[in-house]
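# Observations on the three-dimensional arrangement
Letter by letter, the chains look like this.
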Amino acid sequence: MASTIRVRATATGDTTEVQALIQHPMDSGFVKDAQGQIIPPHFIQQLTFECNGKAVFVADWGTAVSKDPYVKFSFKGGNKGDDLKISWIDNKGASDTTTAKIS
Amino acid sequence: MKVRSAISLASVALALAALTLAAAPPASAANAIDPAADARAFQKFFTTKFPKLKLEDFVNGPYSLNEDMHRQWVEKEEFPPYEFSLDMGKEMFAQPFKNGKSYADCFANGGIGIRQNYPYFDDKEGKVVTLELALNRCRQANGEAPFSYVKDEMAALTGYMAFTSRGKPFDIKIPNDPRALEAFETGKQYFYTRRGQLNFSCASCHVQNPGERIRAEILAPALGILNAMPIYRSEWGGMGTISRRFITCNVQTRGVPLDPQSDEYRDLEYYLSYVSNGLPISGPGARP
C-alpha cells in the first residue's frame, strides 16, 4: 500500500517550511454509522517530525483533529538534502513512517 | 447591485435580440431549440457579470471570484486534498478486471485525455451517456459489480480521468437528432425549474447569485462548474462526483433528489457541460 503520508519540505535561508498531509479516518468515537452503531474512536495519538535524527515537531493529538489532517509549520535549521523523517502512531497501535529529503 | 443586474439583464436581452435576428429565417425561431445560441448567451451573461475574469478562470468556481479566495486556492493547489483519491484512481484504473480486460479497453484512447468528450449523446440508446455511467457499464460488461455513483471509488476513477484531460476544452457535441435536442432542452428546463420547499432552481444560486454568500460559502457560477468535477469538498470531508453534487443541491433546497444517473440528471449534465464548451477541464478540484 502506498504511504499514508505526503510531505513537502523546502529550505529557504535558515528556515525550512514543511507541509504534510496524512491519510487517517480520525474517528472521534462520537459518530454512529448507518446501522446506528458507534464507530469506535480511531485517531492519531502522536505525530513526529525528525530532521537528521532530532525531533523538530512533536504533536500529541486527540479526537478533535479532522480526518486526513494537514499540517504546516516551519523550523530553523535544516539544509537542502537533509533527511526529514515523519511518523505517526494511533490509538490502535498502528503506525506509519516515511522519510523525505528537504529540497 | 440593482444597476449591475439591470445591465447584465439588458445585455442578455441584447444578446438574445442579436441571436434572434441572426437566426431569423425559420418562422418558429422563437421556439426552436438552438443549443449554440444558448451557450453563447450563457457565457456572455457570465463574462458580463464578471468582466474581470477570463473565460478559463470560471473553472475554479468561487476561487476566482475574489483576491482572497484566489490566494487560498493557490495555497490549496500546492497540496491538494484530492491527492490521495487521485492516486487511488490511478491505481484502480491500471488494475485489470478478473477477465483480464481493463477500463482502458472500454474507452477511446485507452481512457486517457477523454474527459472533455463526456457526456455524449448515444444515438443507439437515444439517451445521454455520462462518464460515470460509462464507467459502470464498462464494469458490468466485464462481469464486475457496479460502483456507487456518489462514493469514493467512482470519484477516484473520474478524478484520474479528469486529471489526464486537464487543460483540454470541453467538447460536447449535440448531434442533429431530435432526441439529442430534446435531452438538451430537458436538461435546460431542469436547471431553470424551481423545486423543493425553498423553491430554488439550480439557476437561483448559480446564475442569479454566484459570488454572493450563502451562509459562509461563496456560490460558484454555473459556467465551468462541471469542469472541476469530481471535487474534494471540505464540507463533505471527502470526494464527490457530479451525481453527488446534483443530489446535494436538491437536498439543500429541501427537495427530493432523483436517483443518480436518472434521465433528468443525465440531461442536466448534458446541458450544463454543453454551455461550458470551450472551457478547460480542471478536475479533480477542491472546494470549501
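Please refer to the structure placed before this passage.
Attention here is on the structure that accompanies the text. (Residues numbered from 1 in each chain as written. Chains lettered and ligands numbered in written order. Predicted model: local features only at pLDDT ≥ 70, side-chain atom pairs only at ≥ 80, totals over all residues.)

### Details of the overall build of chain A
Regarding its fold elements, chain A presents 0 helices and 7 strands. Taken from the N to the C terminus, the helices and strands of chain A come in the order β-β-β-β-β-β-β. Expressed as lengths along the three principal axes of its C-alpha atoms, the size of chain A is roughly 55 × 25 × 20 Å. Taking all 103 residues of chain A together, 18% fall into the buried category. In chain A, 52% of the contacts between residues at least 6 apart in sequence involve partners at least 24 apart. (Helix = DSSP H or I, 4+ residues; strand = E, 2+ residues; numbered from the N terminus. Buried ≥ 20, exposed ≤ 12 C-beta atoms within 10 Å, placed from the backbone. Contact = placed C-beta atoms within 7 Å.)

### A closer look at the pairing of strand 3 (residues 44-51) of chain A
Residue and element names in this part refer to chain A. Here 7 bridges tie strand 3 to strand 6 (residues 83-90), and the two strands are oriented antiparallel to one another. If you follow Thr48 over to strand 6, its bridge partner there is Ser87. Across 6 bridges, strand 3 lies against strand 4 (residues 54-60) in antiparallel orientation. Note that in strand 4 the partner of Phe49 across the bridge is Phe57. Here strand 3 folds back onto strand 4 in antiparallel fashion, the turn holding 2 residues, of which Asn52 has a positive phi close to 50°. (Pairing = 2+ DSSP bridges.)

### Structural notes on the packing of helix 7 (residues 178-192) of chain B against helix 10 (residues 263-274) of chain B
Any two packed helices are characterised by the angle at which their axes cross and by the distance between the axes. All names here are of chain B. Contact pair helix 7 / helix 10: the axes reach a minimum separation of 7 Å and the direction vectors enclose 90°. Relative to helix 10, the element helix 7 lies roughly perpendicular. In this structure, helix 7 contributes Ala183, Phe184, Thr186, Gly187, Lys188, Tyr190 and Phe191 to the contact, and helix 10 contributes Glu264, Asp267, Leu268, Tyr270, Tyr271, Leu272 and Tyr274. In terms of residue class, the contact of helix 7 with helix 10 is built from 9 nonpolar, 2 polar and 3 charged. (Axes fitted to C-alpha atoms, helices over the stretch in contact; angles between N-to-C directions. Parallel < 35°, antiparallel > 145°, perpendicular 65-115°, else oblique. Nonpolar A, V, L, I, M, F, W, Y, C, P; charged D, E, K, R; others polar.)

### With respect to helix 7 of chain B
All names here are of chain B. With 15 residues, helix 7 should cover 21 Å at 1.5 Å per step; its first-to-last C-alpha distance of 21 Å lies within 8% of that length. Within the span of helix 7, buried status applies to Ala180, Ala183, Phe184, Gly187, Lys188 and Tyr190. All buried residues of helix 7 lie within an arc of 160° about the axis, which places them on one face of the element. Each element contacted by the buried residues of helix 7 is listed here: helix 2 (35-49), strand 1 (120-122), strand 2 (127-129) and helix 10. (Expected span 1.5 Å × (residues − 1). Arc of directions from axis to C-beta.)

### Description of the interface of chain A and chain B
Counting residues at the interface gives 9 residues for chain A, matched by 6 residues for chain B. Counting only elements with at least two residues in the side of chain A that touches chain B, the list comes to strand 1 (5-12) and strand 2 (15-22) of chain A. In terms of residue class, the side of chain A that touches chain B is made up of 3 nonpolar, 2 polar and 4 charged.

### What about the sheet that holds strand 1 of chain A?
Residue and element names in this part refer to chain A. Reading across from one edge, 1-2-5 is the order of the 3 strands in this open sheet, with antiparallel pairing throughout. Across the chains shown, the open sheet's two edge strands, defined by having one partner strand only, are strand 1 and strand 5 (70-76). When the angles between neighbouring strand axes are averaged without regard to direction, this sheet yields 15°. Alignment of strand 1 against strand 2, held across 8 bridges, turns out to be antiparallel. Pairing of Arg8 across the sheet is with Gln19, part of strand 2.

### Some thoughts on unusual backbone geometry
Residue and element names in this part refer to chain B. Omega for the bond connecting Tyr118 with Pro119 falls within 30 degrees of zero, at 0°, which places this linkage in the cis form. As for its position among the elements, Pro119 is in the loop between helix 4 (83-94) and strand 1. Cis geometry is adopted by the peptide bond preceding Pro230, which originates at Met229 and carries an omega value of -5°. Among the structural elements, Pro230 can be located in the loop between strand 4 (217-218) and strand 5 (231-233). One non-glycine residue with positive phi stands out, namely Asn199, at about 60°. Here Asn199 is to be found in the loop between helix 7 and helix 8 (202-206). Non-glycine residue Arg215 carries a positive phi angle of around 55°. We classify Arg215 as exposed; it has 4 C-beta atoms within 10 Å.

### Side note on the sheet that holds strand 5 of chain B
Residues and elements named next belong to chain B. Strand order in the open sheet made by the 3 strands is 6-5-7, with mixed pairing throughout. Only two strands of the sheet have a single partner each, and these edge strands are strand 6 (238-240) and strand 7 (285-287). Neighbouring strand axes in the sheet, compared pairwise and without regard to direction, differ in orientation by 35° on average. Taken together, the 3 bridges between strand 5 and strand 7 define a ladder with parallel strand orientation. The residue of strand 7 that forms the bridge with Tyr232 is Ala286.

### Side note on the environment of Gly224 of chain B
All names here are of chain B. Tracing the chain through its elements places Gly224 in the loop between strand 4 and strand 5. Owing to 28 C-beta atoms within 10 Å, Gly224 belongs among the buried residues under this scheme. Residues Gly224 and Pro280, spaced 56 residues apart in sequence, show a C-alpha to C-alpha distance of 8.3 Å. For Gly224, the residues in contact, after removing those within four places along its chain, are Phe58, Val59, Ser276 and Leu279.

### Considering the environment of Lys67 of chain A
Along the chain, the position of Lys67 of chain A falls in the loop between strand 4 and strand 5. Taking the C-alpha atoms as reference points, Lys67 of chain A and Ser28 of chain A, 39 residues apart in sequence, are found 9.5 Å from one another. Those residues in contact with Lys67 of chain A that sit more than four places away from it in its chain are Pro25 and Met26 of chain A together with Gly237 of chain B.

### Details of helix 9 (residues 242-252) of chain B
Residues and elements named next belong to chain B. Every buried residue of helix 9 is listed here: Ile242, Ser243, Arg244, Arg245 and Phe246. Residues of helix 9 that are buried sit in contact with helix 5 (131-141), strand 6 and helix 10. Residue Arg254 follows helix 9 closely and has a positive phi angle near 60°.

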